[in-house]
Amino acid sequence: MTIGDIFAQMGIMYSWASPNHLLDQMSTDQVMLYYEKGIRAIEMQARVFWGVLGEALNSPEKMNEVETGDRPDLNRFYELYGNKIKRG
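(A) Here's a closer look at the nonpolar core. If you look at the biggest cluster of nonpolar residues, it comprises ten residues: Ile6, Phe7, Met10, Met13, Tyr14, Ala17, Leu22, Met26, Val31 and Tyr35. The element contributing the most residues to this core is helix H1 (residues 3-13), with four residues. Each residue touching Leu22, except ones within four places of it in the same chain, is listed here: Phe7, Met10, Trp16, Ala17 and Val31.

In structure tokens, the structure reads:
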């Protein structure tokens, strides 16, 4: 891996990591520290993402809106605000 590869990856991981900033404002140790921490963070995100996705795809139960309680109570809403809503 070349320093150019590391700088390219740093630019992808961090919006502030321009080549000028990395060369002028940071030491080599700092660049490598941020690079290693960034790679570990991306690996952890990937593990979490694929773990959650795999669990969701292999789950025997399918969740729907009614079971999760995310569905609004429209009757109660219209009782409270029905006459205050103006349409078109």
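Okay, back to it.
(B) The packing of aromatic side chains, seen in detail. Inspection of the entire model under this criterion finds six aromatic pairs. Between Phe77 and Tyr78, the ring centres sit 5.7 Å apart and the planes meet at 75°, which makes this aromatic pair edge-to-face. Among the aromatic side chains, those forming a connected cluster through ring pairs are Tyr14, Trp16 and Tyr34.

(C) Representation of helix H3 (residues 28-58) in the model. Its 31 residues place the ends of H3 45 Å apart at the C-alpha level, agreeing with the 45 Å of an ideal helix rising 1.5 Å per residue. Among the residues making up H3, those that are buried are Val31, Tyr35 and Gly38. Contacts made by the buried residues of H3 are with H1 and helix H2 (19-25).

Cut-offs applied
- Residues numbered from 1 in each chain as written.
- Predicted model: local features only at pLDDT ≥ 70, side-chain atom pairs only at ≥ 80, totals over all residues.
- Heavy atoms only, no water.
- Core = buried A, V, L, I, M, F, W, Y, C linked by side-chain atoms within 4.5 Å.
- Buried < 20%, exposed > 50% of the residue type's maximum accessible area, 1.4 Å probe, protein only.
- Helix = DSSP H or I, 4+ residues; strand = E, 2+ residues; numbered from the N terminus.
- Contact = heavy atoms within 4.5 Å.
- Phe/Tyr/Trp six-rings, centres within 6.5 Å; stacked < 30°, edge-to-face > 60°.
- Expected span 1.5 Å × (residues − 1).

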